[in-house]
Each structure stands twice: as structure tokens, then as C-alpha cells.
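# An overview of the molecular structure
Single-letter residue listing:
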There are 2 protein chains.
Amino acid sequence: MTAESRADHRPATPPLTERQEARRRRILDASARLAARGGFDAVQMREVAEAAGVALGTLYRYFPSKIHLLVATMQDQLQHMHTTLRKRPPAGADPATRVAETLMRAFRALQREPQLADAMVRALTFADRGVSPEVDTVSRLTTAIILDAMGAEQPTPAQLSAVRVIEHTWHSALITWLSGRASIAQVKIDIETVCRLIDLTAPERPHR
Amino acid sequence: MTAESRADHRPATPPLTERQEARRRRILDASARLAARGGFDAVQMREVAEAAGVALGTLYRYFPSKIHLLVATMQDQLQHMHTTLRKRPPAGADPATRVAETLMRAFRALQREPQLADAMVRALTFADRGVSPEVDTVSRLTTAIILDAMGAEQPTPAQLSAVRVIEHTWHSALITWLSGRASIAQVKIDIETVCRLIDLTAPERPHR
DNA sequence: CGCTAATGTAGAACAAGTTACAGACTTGAT
DNA sequence: ATCAAGTCTGTAACTTGTTCTACATTAGCG
């Protein structure tokens, strides 16, 4: 509402110089690399700084906390995934199938780097109010991916709610899998289950 | 695989003496009290120990980490809630309504102590493999509460999956509310949305 | 070019979770 | 009542996220 929230909006980013862009990238890469090795605990700020060839204070200037860093890492990875998914859109006939397919594809991608996934998702759910804007960005990205798969241009409120529920399920199921409390098969079933909600919101087949 | 994992199984609880039971209770109470004040960060192990009148080492003997402590605190609070809910079962006509009503009731209870809720839920989702058994206990408790509300004695696999999805949504929605990224109204809608999954699994009305 | 503010560096210092340890206290069996 | 084993206590040390400080480098600008 304030003038600032209209003008600055999200990228309150006074454009970075080339070297700064490079530093940021080195940091994110180091973060992902360490995370892929040993998960959340292995992403130690001193190590990230050293691996990125940057002073600790600088690291903190770019990412004000470990959580911020890992959430940004997740943002980064999600971008990749989104573009990858766009290249080969899901083939299912109805929206629910396509969404389930997309999510399972994403899931399998994460399976390849379970430690990285662990670090990112744990950071995401542990994030407190101070990280809300960044977490929100991740959430919007995820929403975009799901809506893409649904093929919903102008989602109704009911559809948006369904998408939120799917996101909830996605994150939470991921966590239970990562902490070894659910099998992949179970995750698959749950994803498919929650995707049936999409059918309930489809305006196109008023067959009831 | 070892003899121990077969014999000890879960309740590796060599029954506690009275004084030990009392200590455990003091610790859990102190934990809840501190959490209610300042959330996750305010639950500092040294403070919990002091407030409970116990040495730091003892605290760690009872609860091997802060996460264990907070998950146990959540277990404790859930017990309360379960017995409270049993006293006044939800009144809705169909299962979906009853579950939604129950969850919103629980939600309003948590609203009264948002900081406590924050501490418990953050601990729950942050828990790693080492806390799986305890987290699983919480999960089973939640499942029991939901099944109670459904009135499902012999849930089918499809129903169990729906319940898991509802749990996922419940936790995740709670988190987004606690971190200020969703309103109570939105949580309510999402809970109601996900509860419609129950209708899809009801074996009693094969009206399709 | 030369100045100034912003940015980066190195390293110390601090905070809170966790571990380690030496000595006192309990408990349960004899 | 006594002894051994197991618990507790008090306290210090260690780890890792975070903050702070003093100095060096860089970038933009006149």
C-alpha cells in the first residue's frame, strides 16, 4: 500500500554489477554443492563463504541468514525445473493427471539429490516471518508450475484453493519422505489423491 | 537388525520412578511456558533446565535435543486436545463437515497460543530422521483425531491416503498462517477444500 | 585524475545448542 | 546397612550461526 510497495515491489534490487552477480552465483552454487553433499547441516556459513571465495561478512550481506540462503537456493533450482518442465509439458488427458505427472516428475528430480532437497525444504518450512517475501516467491513459482500443468489461465478461487492444498501436500509429503517416514509409493498415492481435488473444481464438466 | 532393535522396539522406556515422572513433567511444562511466551527461539535449553529445576545434562538425558523436546511438547498438547475433543464430538452430518469442524476447532485452540503453536509446528517440520519415531507418534495421534471425527472404524486405504493428505494440508496451512503468509479465512477455505476429498472416498453412497 | 560512499576482507567476539566430565545423590539388591 | 550401578548436578568446553570492527578495495562522479 505504501508508495514503496508499489514502486519497489519485489526486486528491491539496486541492479548488481557484473562482479556482484558473479559473487552471488558463486555463493548459490557453493550452497547447492554443499547441500547436495551433506544436507542442511553441511551448509555451514563459513564453508559456503570459503567455497565461494568471499568473506563471511559479504555472504551475510548477500543473504542475511542461512535460511535466506537456502530459500534462495531453492528459488534458483525451481527456476531450472520450471524451464525444464516447460520444454516437455505433461501429456495426460485431464488436468488432474497432468498435475500429478508434473509433480511426480519434479519429485524424481529431487530424488536424484535427496540431500539438496532436504536442505531446501527444511529451510523453507523452518523459515519464519522474516523470510516471508522470499518464501512467497518460492510459493508463487510452485503455483505457476502447477497452474501451467493444469492449463488454467484464469483460475477460479476454488481452483486456487485446490492448488494451495496441492502445494501443502507436496511440501509436507516431501518432508515425510525425506525424513524416512513415508515411501515413494505412498507419496505417489497421496499426490494422486490430492490431485483429484482438481476434478471437483473443473468448471467445464458440470455433470453433477 | 540388532537384537536390541527387536526387543526394545519403540517404548524403550524402562518405567520411570515418581521423581523422574515429575521431572519430565516439569520440563515439558517449562518448555510449553517458555514457548508460549516467545515461540521457538525463546525455548532455550539452559532456560528450560533452570525453569524446570534440573541440570542441563539431565534435560538432555530426558530429551536428546531441542527438537525432541518440542516434539514431545506437541505430543503432550495433542493428548490434551484429543481428550477435550472427545468430550464434545463434532456435530456435522457428514464426515467431511465433521473433520473440517474438528480441525477448525483445533486451529482456534492453537490461535490462542500462537507462539506455542509456532514452536511446536516448526520443530515438527524441522525434525530430521533422528526424531522420526517421535514425529510418527504425533502423526498417529493426529490421524486418530481425524479418523475419530470421520467416524471411520475400518478405514480403507483410499481413506487413509485422504487422511494423510488432510494432515499434510493441516500442518502446512498452519505454517503459512503462523508465518503470516495466509489469513485465517484462507486456512479455513483450504481445510474445507481438502476435506471434500473425504466425500470421494466414502463407500456408503455409491451414487456415481 | 582524485574524492567519497559503498562494498568487500579478515578475523575477533558473541549466542545458543550440544557434549564432556568430575563429583554428589538415589536406588535396588544383597 | 552397605555396596555397585545408575542418575543428577554444576560447570566448562566446543560448534556453528550471527554480529561487529577496523581496514582495504571498488565504483561512480566531479
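Since the model is a prediction, treat every value here as computed from it, not as a measurement.

Glancing now at the overall build of chain A. Counting its secondary structure elements, chain A contains 10 helices and zero strands. The linear arrangement of helices and strands in chain A, starting from the amino end, is α-α-α-α-α-α-α-α-α-α. Taken over C-alpha atoms, the radius of gyration comes to 19 Å for chain A, in line with the 17 Å a tight globule of 208 residues would show. Each of the three principal axes of chain A carries a C-alpha extent, and together these read 60 × 45 × 30 Å.

What follows is about the packing of aromatic side chains. Scanning the entire structure with this criterion turns up seven aromatic pairs over all chains. Here K66(B) stacks its cationic end above the ring of F40(B), 4.1 Å away from the centre of that ring. If you follow R122(B) out to its NZ or CZ, it ends over the ring of F126(A), 4.6 Å from the centre.

Attention now moves to the protein's contact with DNA strand D. Near DNA strand D you find 18 residues, and of these R46(A), K66(A), A55(B), T58(B) and Y62(B) are the closest. The contact in question runs from a phosphate oxygen of DNA strand D to an N or O atom on the backbone of K66(A), over 2.9 Å. Listing elements by their share of the surface near DNA strand D, those giving two or more residues are helix 3 (45-52) and helix 4 (56-62) of chain A together with helix 2 (18-42) and helix 4 (56-62) of chain B. Sort the elements by how many residues they give to the surface near DNA strand D and helix 4 of chain B lands first, with three residues. Split by residue class, the surface near DNA strand D holds seven nonpolar, five polar and six charged.

Moving on to empty space enclosed by the protein. Counted under the stated rule, the structure contains one cavity of 30 Å³ or more. In this model, the largest cavity occupies a volume close to 40 Å³. Lining the largest cavity we find D118(A), R122(A), I175(A), L178(A), S179(A), T125(B) and A127(B). Partitioned by chemical class, the residues of the lining of the largest cavity number three nonpolar, two polar and two charged.

As a further point, take the protein's contact with DNA strand C. With respect to spatial proximity, 18 residues lie near DNA strand C, and among them R23(A), T58(A), Y62(A), R46(B) and K66(B) are the closest. Y62(A) places a side-chain nitrogen or oxygen 2.6 Å from a phosphate oxygen of DNA strand C. At 2.8 Å from a base nitrogen of DNA strand C is found a side-chain nitrogen or oxygen belonging to R46(B). When residues of the surface near DNA strand C are traced back to their parent elements, those giving at least two are helix 2 (18-42) and helix 4 of chain A together with helix 3 (45-52) and helix 4 of chain B.

Moving on, we come to the environment of D76(A). Residue and element names in this part refer to chain A. Locating D76 in the fold gives a position in helix 5 (residues 66-87). Separated by 16 residues in the primary sequence, D76 and Y60 place their C-alpha atoms 18 Å from one another. Here R25 takes part through its side chain, which lies 2.9 Å from a polar atom of the side chain of D76.

It is worth spelling out the side chain of T193(B) at this point. Relative to the helices and strands, T193(B) resides in helix 10 (residues 184-201). With residues up to four places along the chain from it excluded, the contact list for T193(B) reads S161(A), A162(A), V165(A) and L197(A).

A few words on the UniProt feature "DNA-binding region" (unreviewed entry) in chain A. Mapped onto this numbering, the UniProt entry gives "DNA-binding region" (unreviewed entry) at residues 44-63 of chain A. Span residues 44-63 of chain A is 75% helix and 0% strand, its end C-alpha atoms 13 Å apart.

Right, let's get into the UniProt feature "domain: HTH tetR-type" (unreviewed entry) in chain A. Feature annotation in UniProt places "domain: HTH tetR-type" (unreviewed entry) on residues 21-81 of chain A, given in this structure's numbering. From the first C-alpha to the last, residues 21-81 of chain A spans 21 Å; its make-up is 87% helix and 0% strand.

A few words now on the relation of the copies chain B and chain A. Here the second copy of the chain follows from the first by a rotation about an axis and a shift along it. Structural alignment of chain B on chain A gives an RMSD of 0.1 Å, achieved by rotating through 180° and translating 0.0 Å along the axis. Those values place the two copies in the arrangement expected of a two-fold rotation axis. A share of 100% of the interface residues of chain B reappears at the interface of chain A, consistent with the copies meeting face to face through the same patch.

Before going further, it helps to examine the packing of helix 7 (residues 114-126) of chain B against helix 9 (residues 157-178) of chain B. Residue and element names in this part refer to chain B. At a minimum axis distance of 10 Å, the contact between helix 7 and helix 9 shows a crossing angle of 130°. In this view, helix 7 runs oblique relative to helix 9, as classed from their interaxial angle. Along this stretch, helix 7 crosses helix 9, giving a crossing that reads as left-handed. Listed contacts from helix 9 to P114, A117, D118, V121, L124 and T125 of helix 7 are H171, L174, I175, W177 and L178.

In this section: the packing of helix 5 of chain A against helix 7 (residues 114-126) of chain A. Residue and element names in this part refer to chain A. Running from N to C, helix 5 and helix 7 cross one another at 120°; their axes reach a closest spacing of 8 Å. Classified by the interaxial angle, the pair formed by helix 5 and helix 7 is oblique. Considering the relative orientation of helix 5 and helix 7, their crossing is left-handed. On the side of helix 5, the interface is formed by I67, L70, V71, T73, M74 and Q77, while helix 7 contributes L116, A119, M120, V121, A123, L124 and F126. The residue inventory of the contact of helix 5 with helix 7, partitioned by class, reads 11 nonpolar, two polar and no charged.

Calculation notes
Residues numbered from 1 in each chain as written. Chains lettered and ligands numbered in written order. Predicted model: local features only at pLDDT ≥ 70, side-chain atom pairs only at ≥ 80, totals over all residues. Heavy atoms only, no water. Helix = DSSP H or I, 4+ residues; strand = E, 2+ residues; numbered from the N terminus. Rg over C-alpha atoms; globule rule 2.2 N^0.38 Å. Phe/Tyr/Trp six-rings, centres within 6.5 Å; stacked < 30°, edge-to-face > 60°. Lys NZ or Arg CZ within 6 Å of the ring centre and 35° of its normal. Near = heavy atom within 4 Å. Polar contact = N/O pair within 3.5 Å; in protein donor to acceptor, adjacent residues only side chain to side chain. Nonpolar A, V, L, I, M, F, W, Y, C, P; charged D, E, K, R; others polar. 1 Å grid on protein atoms, 1.4 Å probe; cavity = no way out; pocket = protein on both sides within 12 Å on 5 of 7 lines; lining within 4 Å. Points joined across faces, edges and corners; volume = space filled by probe spheres on them. Contact = heavy atoms within 4.5 Å. UniProt positions renumbered as here; feature names shortened; annotations may be inferred. Least-squares fit on C-alpha atoms with pLDDT ≥ 70 in both. Axes fitted to C-alpha atoms, helices over the stretch in contact; angles between N-to-C directions. Parallel < 35°, antiparallel > 145°, perpendicular 65-115°, else oblique. Left-handed = near helix turned anticlockwise from the far one by under 90°.

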